[in-house]
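Spelled out, the chains give:
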There are 2 protein chains.
Amino acid sequence: MRKVGGVTVQAGRGYAKGRAKRREILGQAMALFGEVGYRGASLREIATRCGLSHPGLLHHFPTKQSLLLAVLEHRDEVDSAELLSGRTGLAVLRGLVDLTALNATRPGIVELFTVLSGEATAAGHPAHAYFAQRYQTTVRTVEHAYEQAGADGVLQPGIEAAAAARQFVALMDGLQIQWLLSHRRLDMAGILRAHLQAQLTVPLAAGSSLG
Amino acid sequence: MRKVGGVTVQAGRGYAKGRAKRREILGQAMALFGEVGYRGASLREIATRCGLSHPGLLHHFPTKQSLLLAVLEHRDEVDSAELLSGRTGLAVLRGLVDLTALNATRPGIVELFTVLSGEATAAGHPAHAYFAQRYQTTVRTVEHAYEQAGADGVLQPGIEAAAAARQFVALMDGLQIQWLLSHRRLDMAGILRAHLQAQLTVPLAAGSSLG
DNA sequence: CCTACCGATCGGTAGG
DNA sequence: CCTACCGATCGGTAGG
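Residues numbered from 1 in each chain as written. Chains lettered and ligands numbered in written order. Predicted model: local features only at pLDDT ≥ 70, side-chain atom pairs only at ≥ 80, totals over all residues. Heavy atoms only, no water.

Q: How should I be thinking about the protein's contact with DNA strand C in this particular structure?
A: Not every one of the 17 residues close to DNA strand C is listed here, only the nearest: A:Ser42, A:Arg44, A:His54, A:Lys64 and B:Ser53. Across the atoms of DNA strand C situated within 4 Å of the protein, the share located in sugar and phosphate is 50%. Within the side chain of A:His54, an N or O atom sits 2.7 Å from a base nitrogen of DNA strand C. Between a phosphate oxygen of DNA strand C and a side-chain N or O atom of B:His60, the distance comes to 3.3 Å. Ranked by the residues each element gives to the surface near DNA strand C, the list is headed by helix H3 (residues 54-60) of chain B, at four residues. Tallied by class, residues from the surface near DNA strand C come to six nonpolar, seven polar and four charged. (Near = heavy atom within 4 Å. Polar contact = N/O pair within 3.5 Å; in protein donor to acceptor, adjacent residues only side chain to side chain. Helix = DSSP H or I, 4+ residues; strand = E, 2+ residues; numbered from the N terminus. Nonpolar A, V, L, I, M, F, W, Y, C, P; charged D, E, K, R; others polar.)

Q: Honestly, the layout of surface pockets in this entry has me stumped. Any pointers?
A: Left-over empty space is what a probe sized like a water molecule reveals as it rolls over the atoms. Counted as a void, the largest pocket has a volume near 740 Å³. What lines the largest pocket is a set of 25 residues, and nearest its centre among them are A:Ala198, A:Gln199, B:His195, B:Ala198 and B:Gln199. Elements with a contribution of two residues or more to the lining of the largest pocket: helix H9 (161-181) and helix H10 (188-197) of chain A together with helix H9 (161-181) and helix H10 (188-197) of chain B. The residue inventory of the lining of the largest pocket, partitioned by class, reads 12 nonpolar, 11 polar and two charged. (1 Å grid on protein atoms, 1.4 Å probe; cavity = no way out; pocket = protein on both sides within 12 Å on 5 of 7 lines; lining within 4 Å. Points joined across faces, edges and corners; volume = space filled by probe spheres on them.)

Q: I tried to follow the protein's contact with DNA strand D on my own but got confused; where do I start?
A: Neighbouring DNA strand D are 17 residues, the closest being A:Ser53, B:Ser42, B:Arg44, B:His54 and B:Lys64. Among the atoms of DNA strand D close to the protein, meaning within 4 Å, 50% are from sugar or phosphate groups. At a separation of 2.4 Å, a phosphate oxygen of DNA strand D approaches a polar side-chain atom of A:Ser53. Between DNA strand D and B:Lys64, the relevant distance is 2.8 Å, taken from a phosphate oxygen to a main-chain nitrogen or oxygen of the residue. Contributions of two or more residues to the surface near DNA strand D are made by helix H3 (54-60) of chain A together with helix H2 (43-49) and H3 of chain B. For the surface near DNA strand D, the element with the most residues is H3(A), which contributes four residues. In terms of residue class, the surface near DNA strand D is built from six nonpolar, seven polar and four charged.

Q: Explanation requested: the relation of the copies chain B and chain A in the structure shown.
A: One copy of the chain maps onto the other through a rotation about an axis plus a displacement along that axis. When chain B is fitted to chain A, the residual RMSD is 0.0 Å, and the transformation amounts to a turn of 180° plus an axial shift of 0.0 Å. Classification of the inter-copy transformation places it as that of a two-fold axis. Of the residues that chain B buries at the interface, 100% are likewise interface residues in chain A, meaning the two copies contact each other through the same surface. (Least-squares fit on C-alpha atoms with pLDDT ≥ 70 in both. Contact = heavy atoms within 4.5 Å.)

Q: Quick question: what am I supposed to make of the interface of chain B and chain A here?
A: Accessible area lost upon the coming together of the parts is a frequently used measure of interface size. Contact residues are listed per partner, giving 35 residues for chain B and 35 residues for chain A. Of the roughly 2,900 Å² buried where chain B meets chain A, counting both sides, 68% is carbon and sulfur surface. Per-residue buried area on chain B facing chain A is highest for B:Arg166, B:Gln178 and B:Leu181; these three make up 23% of the total on that side. Applying the counting rule to chain B against chain A returns zero salt bridges. Put simply, the parts of the chain that give the side of chain B that touches chain A at least two residues each are helix H1 (13-40), helix H7 (107-119), helix H8 (128-151), H9 and H10 of chain B. (Buried area = accessible area lost by both parts, 1.4 Å probe. Salt bridge = Lys/Arg side-chain N within 4 Å of Asp/Glu carboxyl O.)

Q: Got a minute to help me understand unusual backbone geometry in this structure?
A: Positive phi, normally seen in glycine, also occurs at A:His183, with a value near 55°. Tracing the backbone through its elements, the reader meets A:His183 in the loop between H9 and H10.

Q: Just checking my understanding: could you explain the packing of helix H6 (residues 90-103) of chain B against H10(B) for this structure?
A: The relative placement of two packed helices is expressed as an angle between their axes plus a distance between the axes. Residues and elements named next belong to chain B. For the pair H6 and H10, the least separation of the axes is 8 Å and the interaxial angle reads 160°. With respect to H10, the element H6 is oriented roughly antiparallel. Every pair of crossing elements has a handedness; the one defined by H6 and H10 is right-handed. Taken together, the residues of H10 that come into contact with H6 (itself represented by Leu93, Leu96, Val97, Thr100 and Ala101) are Met188, Ala189, Leu192, Arg193 and Leu196. (Axes fitted to C-alpha atoms, helices over the stretch in contact; angles between N-to-C directions. Parallel < 35°, antiparallel > 145°, perpendicular 65-115°, else oblique. Left-handed = near helix turned anticlockwise from the far one by under 90°.)

Q: Is there a simple way to explain the packing of aromatic side chains in this structure?
A: Pairs of aromatic rings are described using the distance from one ring centre to the other and the angle between the two planes. Tallied over the full model, the rule gives eight aromatic pairs over all chains. Their ring planes at 45° and their centres at 5.8 Å tell us that B:Phe33 and B:Tyr38 sit as a pair that is tilted. Taking relative accessible area as the criterion, B:Phe33 reaches 0% and is therefore assigned buried. Judged by relative accessible area, which is 11%, B:Tyr38 ranks as buried. Ring geometry for B:Phe113 against B:Phe131: centres 6.3 Å apart, planes inclined by 80°, an arrangement best described as edge-to-face. Of this pair, B:Phe113 sits in helix H7 while B:Phe131 sits in helix H8, placing them 18 residues apart in sequence. For B:Phe113, a relative accessible area of 12% puts it in the buried group. On the basis of relative accessible area, B:Phe131 is assigned to the buried category, the value being 1%. Among the aromatic residues, those joined into a ring-pair cluster are A:Phe113, A:Tyr130 and A:Phe131. Against the face of A:Tyr38 rests A:Lys64, its NZ or CZ located 4.6 Å from the ring centre. (Phe/Tyr/Trp six-rings, centres within 6.5 Å; stacked < 30°, edge-to-face > 60°. Buried < 20%, exposed > 50% of the residue type's maximum accessible area, 1.4 Å probe, protein only. Lys NZ or Arg CZ within 6 Å of the ring centre and 35° of its normal.)

What follows is the structure, encoded as structure tokens:
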């Protein structure tokens, strides 16, 4: 097998087609889960949007739950790694403000995580463990970022990293709810940036995604 | 009809029983909607929990949607009015911190609003209009509270009421998500109070629900 | 308030 | 990858 223009050809041709279909399924599933939640989404509707029968879809993902987890893991791979890798301290927080600005151009992704995180607060939900783990990791990352920022001397006095981390993550989630319910008439990134700026002794960069 | 010990008797007896059953249905529906959302809840399950057949339930609430809206309006009557009436400025914000502390003793109510507000961000959801309206009203109330607090001279300089209101409401929602996903190991009211305190020039009261 | 039923839809499987 | 089917469950109605 060799690659040409990112597509594996010859012996791998069938596999490449399968992988492309897999990506299409993940995209359509992400959109529908975001529109109506996990429970509200049907395999038949997702399959139809991909030009498949629903047993055809189950050939790629054996159960509905496996499709859900694949969607969530796919999003994490694409996003978190890209915007947060190799950063420490204030740069992590700036990266999360930039991620919020980016998400304002991707309503489908905001809907996905807002609808599913609400649904998954219930103990029996198939993504409950995933979200519980995800929040623990995220809060810890943000907490370390605040600790480092404090050590770097850019934080206002009296700011506790643990509480500040919980507040920062809560703000991101709560602003997404308001953004969706106000039909996107809300500057999520601006409001988040204002919150962060008020905790700092130095000005944040202008707000682009530059390091 | 006359009332004895809060229960209407004699000619009103049947009505009182009907109203008691209605309240029982509202309570069980609130619990199940909170556990599994609107879509995940079935009329049969709610009815069974009340000792009814599901057509029996539909005698009290003609459609599933009417039951949902009745549950939401019932909660608003009981809560918002009681804790926020007749307050202005900082007292409104203090009332919301106290409401958060109260909610930490009522997981069912927190689940209800967290699950449903996520579900209802979708445009077609039967409670979408309700939540859109509710957030607009809440944000405006909190914004006016910040404006009044600023006029009263208890706010740190540079705090904009509009952004501060969005932040405050977002924090309440986001902390509820984290609270549920961390199996209630989180001091929601304490973290919210710390956020508010950092914006003030005066100390908040000790944190009881005293005016 | 009940039993009995309607048509629709669900996730998943059989068999090819 | 398909058609055809499974048992289960859904919201709502008929009729009493």
